[in-house]
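So you can see what is in the structure, the chains are spelled out below.
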Amino acid sequence: ARALTPQTAETDAIRFLVGTQSLRYDNQIHIIDFDDENNIINKNVLLHQVGEIWHISTSPADKGVLATCYNKTSDSKVMTCAAVWRMPKELESGSHESPDDSSSNTQTLELLCHLDNTAHGNMACVMWEPMGDGKKIVSLADNNILLWDLQESSAKAVLSSSAALEGKGQLKFTSGRWSPHHNCTQIATANDTTVRGWDMRSMRQIYCIENAHGQLVRDLDFNPNKQYYLASCGDDCKVKFWDTRNVTEPVKTLEEHSHWVWNVRYNHSHDQLILTGSSDSRVILSNMVSISSEPFGHMVDDDELSDQDDQHQEEKIKEPLQDSVIATYEEHEDSVYAVEWSSADPWLFASLSYDGRLVINRVPRALKYHILL
């Protein structure tokens, strides 16, 4: 398995979706519900009968709707296609009841529409407009950015605009991310060693970080609280943090992994918490305080301090907190291809390795209280 996503529209129950990559038989989407109080994982399986799943993303507005990128073989050529699906009604929201023994009659996803890419090439990923009503979706196909409008309750996808990467050679996007800032009018894409920003209204490039990494850029993520901050990771084993207003140098670089870094994710609520997953089989949780929205910690009110504390406190406030690795998780025995924060619980995250092992972890309690208190 390589594909993992939280169910974005589900903010009460802790729920992740995993897509399988099996060559032999029908592929599946596993709906993973984590019951936090009893520490139990419940699982429902949906058939995805069209091919191995490379990428999966969920609608921000409708719990039942998701998109997948999958492989399809036609005329002995393999194409990566994308489609929008609906899960059965009774599975839409995260439930804490464990499924009864109806595992024999596995349910199937309902196809809503294909994102037609016959003219554009292989689909790398699909991104929903983050704050939207679930009607706008961007897909990256080879060197094309395609903006789709989902109409008639997602039963039809209309291509509303597109842009292409110009340049020498076979240019192909590896991944992309829709920015939650600037009224959701920007996306960032990765191709080869380059990271680019695009304005979705004009479909023009707005910034370009050439040689952002020494080798292929694998993933990107935006800081949810600081509009110009972007994280990237890649095959040079590094994670880099950029201020898109000045792209000549990264603001910070992390070099903790010993192999390709496949994924980087900012915590949605506390932007100093960064998750990375790598083919060194490790997941690393880092505390990047110095470039977070609270680099000096929480400011203390003057009234709360007595005079002698005052002097001491002032010195303390001016000192930015130190960046550090909080924890390294070694439960995986294979390449970690995906890490994701839960959309319901900011202290909980999941990681997925190629051998199909899904691990759910929590931010260490001491750190959680340090951030909160």
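Residues numbered from 1 in each chain as written. Predicted model: local features only at pLDDT ≥ 70, side-chain atom pairs only at ≥ 80, totals over all residues. Heavy atoms only, no water.

### Observations regarding the UniProt feature "repeat: WD" (unreviewed entry) in the protein
Here is step 1: As annotated by UniProt and renumbered to match this structure, "repeat: WD" (unreviewed entry) occupies residues 210-246.
Here is step 2: As annotated, residues 210-246 comprises 0% helix and 46% strand, and the C-alpha atoms at either end are separated by 12 Å. (UniProt positions renumbered as here; feature names shortened; annotations may be inferred. Helix = DSSP H or I, 4+ residues; strand = E, 2+ residues; numbered from the N terminus.)

### A short note on the sheet that holds strand β12 (residues 144-151)
Here is step 1: Pairing in this open sheet of four strands is antiparallel, and the strands run β10-β11-β12-β13 from one edge to the other. One side of each edge strand has no neighbouring strand; the edge strands of this open sheet are β10 (123-128) and β13 (156-164). On average, each strand axis in the sheet is inclined to that of its neighbour by 25°, with strand direction left out of account.
Here is step 2: Two elements, β12 and β13, share eight bridges in a ladder whose sense is antiparallel. The partner of D149 across the bridge, within β13, is V158. (Pairing = 2+ DSSP bridges. Axes fitted to C-alpha atoms, helices over the stretch in contact; angles between N-to-C directions.)

### Some thoughts on the sheet that holds strand β28 (residues 358-362)
Here is step 1: Pairing is antiparallel in the open sheet, where three strands are placed in the order β26-β27-β28. Each edge of the open sheet is held by one strand with a lone partner, namely β26 (336-341) and β28. Across this sheet, the average inter-strand angle for adjacent strands is 20°, counted without regard to direction.
Here is step 2: Relative to strand β27 (residues 348-353), β26 is paired through five bridges, and the arrangement is antiparallel.

### A look at the pattern of salt bridges
Here is step 1: Enumeration according to the criterion identifies 16 salt bridges in this entry.
Here is step 2: One salt bridge connects D36 with R362, and the closest N-O pair in it is separated by 2.6 Å. Of this pair, D36 sits in the loop between β3 (27-35) and β4 (40-48) while R362 sits in strand β28; the two residues are 326 residues apart in sequence, bridging distant segments of the chain.
Here is step 3: Of the charged contacts in the structure, one is a salt bridge between K252 and D323, with a shortest N-O distance of 3.5 Å. Of this pair, K252 sits in strand β21 (residues 252-254) while D323 is found in the loop between α1 (307-318) and β25 (324-329), placing the two residues 71 residues apart along the sequence.
Here is step 4: Salt bridges sharing partners connect three or more residues here, namely D62, R86, K89 and E92. (Salt bridge = Lys/Arg side-chain N within 4 Å of Asp/Glu carboxyl O.)

### Focus: the domain arrangement of the protein
Here is step 1: Assigned domains of the protein: these are domain 1 (1-91 + 105-164) and domain 2 (166-294 + 319-372).
Here is step 2: Using only C-alpha atoms to locate each centre, domain 1 and domain 2 end up separated by 21 Å.
Here is step 3: Contacts between the two partners involve 41 residues from domain 1 and, on the opposite side, 38 residues from domain 2.
Here is step 4: In this assembly, domain 1 packs against domain 2 so that about 3,100 Å² is buried in total across both faces, 71% of it on carbon and sulfur atoms.
Here is step 5: Taken together, domain 1 and domain 2 are joined by one salt bridge.
Here is step 6: Within the residue set of the side of domain 1 that touches domain 2, elements represented by two or more residues are β1 (3-6), β2 (14-19), β3, β10, β11 (136-141), β12 and β13.
Here is step 7: Here the residues of the side of domain 1 that touches domain 2 sort into 24 nonpolar, 10 polar and seven charged. (Domains from an automatic or database assignment. Contact = heavy atoms within 4.5 Å. Buried area = accessible area lost by both parts, 1.4 Å probe. Nonpolar A, V, L, I, M, F, W, Y, C, P; charged D, E, K, R; others polar.)

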